[in-house]
Structure formats: C-alpha cells, structure tokens
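# Residue-level structure breakdown
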Amino acid sequence: MRSHPDACPGAVELHQAADGGLARIRVPGGTLSAAQWDVVRLAALELGSGSLELTSRANLQIRGLADGLELGARLRAAGLLPSDTHERIRNIIAAPLEPNQPLVDALDAALCADPALASLPGRFLVTVGSSVSGLGGDFGRVDDVLLLAGTDTGVRVHDPVDAVVTAARLFQELRGSAWRLSEVDDGVRKITEHFGTTDAARITPAVTPVAPSPTTPGVPLGRLDAQLLPGVPVRLTPWRSLVVPAGTDVSGLITDPASPWHGVSACTGRPGCAKSLSDVRADVQEWLARPELSDPLEMIGMGTRSPQGALQSGSIPQRPVHWSGCSRRCGRPAGDVIEFVATGDGYEEIR
Ligand code: SF4
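Residues numbered from 1 in each chain as written. Predicted model: local features only at pLDDT ≥ 70, side-chain atom pairs only at ≥ 80, totals over all residues.

### Focus on helix α3 (residues 101-112)
Quick reminder: α-helices carry 3.6 residues per turn. Residues three or four places apart thus point the same way. Look at α3: 16 Å from first C-alpha to last across 12 residues, which is about the 16 Å you get at 1.5 Å a residue. Every buried residue of α3 is listed here: V104, L107, D108 and L111. Looking straight down α3, one finds its buried side chains confined to an arc of 100°; they lie on one side. In the core, the buried residues of α3 are packed alongside β6 (92-94), β7 (126-128) and α4 (160-174). (Helix = DSSP H or I, 4+ residues; strand = E, 2+ residues; numbered from the N terminus. Expected span 1.5 Å × (residues − 1). Buried ≥ 20, exposed ≤ 12 C-beta atoms within 10 Å, placed from the backbone. Arc of directions from axis to C-beta. Contact = placed C-beta atoms within 7 Å.)

### Re the pairing of strand β2 (residues 20-25)
Taken across its 6 residues, β2 has 5 buried, putting it largely inside the fold. Pairing between strand β1 (residues 15-17) and β2: 3 bridges, direction antiparallel. Bridge pairing links Q16 to G21 in β2. Relative to strand β5 (residues 60-65), β2 runs antiparallel, the two being bridged by 4 bridges. Counted as the bridge partner of G21 is L65 from β5. (Pairing = 2+ DSSP bridges.)

### A short note on the site of the ligand
Every residue lining the ligand is accounted for by C267, T268, G269, C273, K275, S276, S324, G325, C326, R328, R329 and C330. When its residues are assigned to classes, the shell around the ligand shows 4 nonpolar, 5 polar and 3 charged. (Near = placed C-beta within 6 Å. Nonpolar A, V, L, I, M, F, W, Y, C, P; charged D, E, K, R; others polar.)

Next up, the structure:
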C-alpha cells in the first residue's frame, strides 16, 4: 500500500524538474479547438521551453516554466482550467476517432462538480470507447458496459455519467491510500455489488489490445515543436499522435505508415530529469537513424542480444517500444510493451 500521496503535476502546481517547472495540462478526451491549441502552443513558446509533450494519457506538458501563475491565467481564460480544485483528476481518455466528446465533457463536468472527488489521486483514470479500454482505466465505458479496473464484471448502465460518478465516489470511500482501483482489496467486487451485479464470475472481457497507431500523424518521441500546426483544431491520442483536419500541413510529424518512429517512446531523460542515467532521447534517435544496427543493446554496447531477437531498428516494431533513463520507467505506455531501461553502463531490456 502507498505510504505517500501521489505527486502528479498539474497545470498550476508544477513539478520542479532539472530543466525548470513542468506543467501537465489535462485535456479530457484530447480535444482542443483551434483557439485552445494556439493558447497552449503560445504558452509553450512564450513561457516554457518551446515544445509541447504529449503524454500516454493524451494530455499535454510544458517544460521550463518559471511558475504556473501566468500559464494558469491563460488556460482559465481559454476554458482549459475549469476547476482549480479538480484539475489533477480530469483524466479521461477517449477513443479518438469516435464522436464521444459530448459524453467526455459531461463526465468531466460531473466529476468536477462533486467536492468529494477533488481528493481523488492524480492517477485516477476514466476511459471512453473500446479502442482505449485496454489503457488501464479505473473505470471505463464501452457501449452500456461499465468496466472496473479494466474488467467487465457484468455491470451494465444506462446513464454512464451517473454511473462513473457513483463508482468514483465508492472508490474514494474504499481506497485508503491506494491510487488505483486495482490496488484496493476487493474493490472491484464491492463496486460490482453496489450496482446490483452479484455474479463475481468474469464475463467476456471488453478489453482491446493496445497497438501503435500509424493511422494518425505521430509526434516523434512525443515532443512537438510548438511552432507547428498554428490555428488548427487537434485531437490528442494516447499513442502520442494527433487527429487533425484533412489537408493540414503536417510537416514535422510522422506520416509514413512504414516509419520506424511509430510506436517508439522515451521518457525525458537527461538533461531534463536529474534522476536519469542517460540522454535517453538522443540514444533513441541514434538507434532509429542507424538501420544497419539490428539490436539496440548491440548499439549501446551491452553485448546481449534479446532472446527473441525480433526488434529491429528501421522497421515498425510489433509492439510499442519504450525507453527510460531509470527504473521508474515514466511514460511507459499501457499494455504489452518492449522496454529498455538505462543502467548507467547501457540499457537493460525488459519484456
Ligand atoms: S524514468 Fe527516470 S529518468 Fe526517465 S523521466 Fe522518469 S524519473 Fe526521469
């Protein structure tokens, strides 16, 4: 059980990183109007490092901030910070190619309207739609199914907003110091019973495997030059890609479906993170630029080939690949992921 509260950054309460203040801007459903997108782009350019980071929850981060005051004022004026008390719990991922934003907005408003939910952990997560149901939500909605910790226990609901708020309240009552529903002893069963479903047997799982998404323009290693895409409405995806209107100039993004950059992600690493044992992003870029090297461990001098030997630079990996500068493995995508973690002398492979 956790012995300390989570330290997820917000848009106003920043995380102090080695390269300055880090703000995480929640974008429920990932949808930003053209005007809102320009507000965050300009904030990154004028107040931060000039880049926008896309997270595995389809949120945005700005680095290199002096403080959160000016950023908070700009976000409030743009409608991107509707609640100072609930901002860190506004974690709603939605299937990005479905017309589900009205439901996301209703869920967001209802969660923010309940004072008891302000102290949910910043790790709290709701998913909307089948293609994101495998991303580790505490609660998920697929048609009339209410998933609990990613599992279909038989709960069927007609009012998803009321159901998610009710389930979130129960989680808050039960959770003690736990951050996620999956960590609460018997939490799934107790919430299932509350909804009147007594059959504890698992019903057909409504979980869809998560795969890299080559169908929407990808953001290389999740970090975007904030000069790009001025005046464009965007939808952020949890695969660190963007949905933009047809005809948009997508220079600087990954658009070739055969690009080896699809599905590859990395944590901040050096110099932005003081804990990092390596300049992870530079190492990944070197690997991706040298297709003649078939194994990243070989490139980095570890000398141990992976037993499966299936991962090759210069080709789309079958599974997402994530690189980290230390064992915390920040930003690791949910699901089945090939990982490389810096050790100080190279990288250790985790499968
Ligand atoms: S995984 Fe480690 S090195 Fe990378 S951002 Fe997290 S704490 Fe820093």
